[in-house]
Amino acid sequence: MRVMNDWDCRLLPMSGEWITSPTDTAKAMMLLKEKYNLKRFLLTPFYDATVESISMFLWRRKQTFEELKKILPSEVTVRCGAVALLSPGLSHSNALNRLRLSRTNFLPVRLPLLSTGNWLSAELNRLLYHTPYRILFYAFDSLLPFYPTEDILRWSRLPNAAYCFRYQALESPFLRELMREMLSANQPILFGTCVNSYEKACYLELDHYLQLASSHFSEYECDRLFQGHRFLYRS
């Protein structure tokens, strides 16, 4: 099975992220490359609109990435992305286009694990139907313990959305069926490690998750699951 992409790599050592050492980032990426043949990484630091402006976030990201590039191994390809944490008023920002996944109109978004009030539905509806962007839900599987099943199912069937799962989501029978439905509906699916430290890179059990995929999906389905970027950029 060919897997060479990590679409949710949390290894950019900028303020607010778990990892702080560029050296540890380089070590973790080389470990993932040598152990699992992961060669392409999308760095996905969180943007929190309640903390700073998009311009300040992007300036900090650029400064950090420029320093990191000096020591990155040539064997891997690394790009910078961002994941916007959904918060009240985010959809009204005039600079959201600067957070889009490069060469697409997809806006990476992560829903809060806990929310109070009615703002969540209003923000999602505005992003989905009153902005020019298509939503790329990040760590979609992490929502499962925190939201009613009917909400998860409704969000999973949005016609213009895409979804990034953590590899460990393949352990869940419910989520595997959800992925199968998404494939049938031609919805783009991505996978990421969510690794945010060298230690987590050491303990990642990617082979186990890939074996689960091989056991529960056909070869054709696995190809679509793990090469989902081809469908993302075609959308």
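Relevant structure appears above.
Residues numbered from 1 in each chain as written. Predicted model: local features only at pLDDT ≥ 70, side-chain atom pairs only at ≥ 80, totals over all residues. Heavy atoms only, no water.

Asker: Which residues make up unusual backbone geometry, and what values do they have?
Answerer: Here the phi dihedral of Arg 103 falls at roughly 65°; this positive angle occurs in a residue that is not glycine. By the secondary structure assignment, Arg 103 is in the loop between strand 5 (83-85) and strand 6 (106-110). Using a relative accessible area of 70% as the deciding quantity, one classes Arg 103 as exposed. One non-glycine residue, Ala 139, lies in positive phi territory at about 50°. Relative to the helices and strands, Ala 139 is located in the loop between strand 7 (134-137) and helix 4 (149-156). (Helix = DSSP H or I, 4+ residues; strand = E, 2+ residues; numbered from the N terminus. Buried < 20%, exposed > 50% of the residue type's maximum accessible area, 1.4 Å probe, protein only.)

Asker: Please give an account of the nonpolar core that cites residues and values.
Answerer: By size, the foremost hydrophobic cluster in this structure holds 66 residues, and its most contacted members are Leu 99, Phe 140, Phe 165 and Met 179. If we skip the residues at most four places from it in the chain, Met 179 touches Phe 165, Ala 169, Leu 170, Ile 189, Phe 191, Phe 217 and Leu 225. Ranked by size, the runner-up nonpolar core spans 10 residues in total, among them Leu 42, Phe 106, Leu 136 and Cys 164. (Core = buried A, V, L, I, M, F, W, Y, C linked by side-chain atoms within 4.5 Å. Contact = heavy atoms within 4.5 Å.)

Asker: Quick rundown of helix 2 (residues 54-69)? Include the residues and the values.
Answerer: Structural remark: α-helix, 3.6 residues per turn; residues separated by three or four positions point the same way. The end-to-end C-alpha separation of helix 2 is 22 Å, in line with the 22 Å expected for 16 residues at 1.5 Å each. Looking at the buried residues of helix 2, the elements they touch are helix 1 (22-36), strand 2 (40-43), strand 3 (46-47) and strand 4 (77-80). (Expected span 1.5 Å × (residues − 1).)

Asker: Tell me about the packing of aromatic side chains, and please be specific about residues and values.
Answerer: Tallied over the entire structure, the rule returns 10 aromatic pairs. With a centroid separation of 5.1 Å and 75° between ring planes, the pair formed by Tyr 147 and Trp 155 is classed as edge-to-face. Tyr 147 sits in the buried class, given a relative accessible area of 12%. The buried category is assigned to Trp 155, whose relative accessible area is 7%. Ring geometry for Phe 165 versus Phe 191: centroids 6.1 Å apart, planes at 35°, classification tilted. Linking Phe 165 in strand 8 (residues 162-166) with Phe 191 in strand 9 (residues 189-192), this pair joins segments that are 26 residues apart in sequence. When its relative accessible area of 2% is taken as the criterion, Phe 191 is described as buried. By the ring-pair criterion, three or more aromatic residues cluster together here, those being Phe 137, Phe 140, Tyr 163, Phe 165, Tyr 167, Phe 191 and Phe 226. A cation over an aromatic ring shows up here: Arg 10 above the ring of Phe 46, its NZ or CZ 3.7 Å from the ring centre. (Phe/Tyr/Trp six-rings, centres within 6.5 Å; stacked < 30°, edge-to-face > 60°. Lys NZ or Arg CZ within 6 Å of the ring centre and 35° of its normal.)

Asker: With reference to specific residues and values, describe the sheet that holds strand 4.
Answerer: The sheet built from 3 strands is open, its strands ordered 1-2-4 with parallel pairing. Strands with a single pairing partner mark the edges of an open sheet, and in this sheet they are strand 1 (5-9) and strand 4. Mean inter-strand twist for the sheet, computed between neighbouring axes without regard to direction, equals 20°. As defined by bridge partners, strand 2 adjoins strand 4 across 4 bridges and the pair is classed as parallel. Bridging across to strand 4, Arg 40 finds its partner in Thr 77. (Pairing = 2+ DSSP bridges. Axes fitted to C-alpha atoms, helices over the stretch in contact; angles between N-to-C directions.)

Asker: Could you give an account of the sheet that holds strand 3, naming the residues involved and the relevant values?
Answerer: Taking strand neighbours across the sheet as the criterion, the 6 strands line up as 3-5-6-7-8-9 in an open arrangement whose pairing is parallel. Across the chains shown, the open sheet's two edge strands, defined by having one partner strand only, are strand 3 and strand 9. Sheet topology note: the strand 8/strand 9 ladder contains 4 bridges and is parallel. By the bridge assignment for strand 9, Tyr 163 is matched with Ile 189.

Asker: Tell me about the packing of helix 5 (residues 173-184) against helix 8 (residues 219-226), and please be specific about residues and values.
Answerer: Packed helix pairs are specified by the crossing angle of their axes together with the interaxial distance, meaning the distance between the axes. Interaxial distance between helix 5 and helix 8 falls to 11 Å at its minimum, and their mutual angle equals 85°. When the axis of helix 5 is compared with that of helix 8, the two are roughly perpendicular. From helix 5, Met 179, Arg 180 and Leu 183 reach across to helix 8, where they touch Glu 221, Arg 224 and Leu 225. Taken together, the residues of the contact of helix 5 with helix 8 sort by class into 3 nonpolar, no polar and 3 charged. (Parallel < 35°, antiparallel > 145°, perpendicular 65-115°, else oblique. Nonpolar A, V, L, I, M, F, W, Y, C, P; charged D, E, K, R; others polar.)

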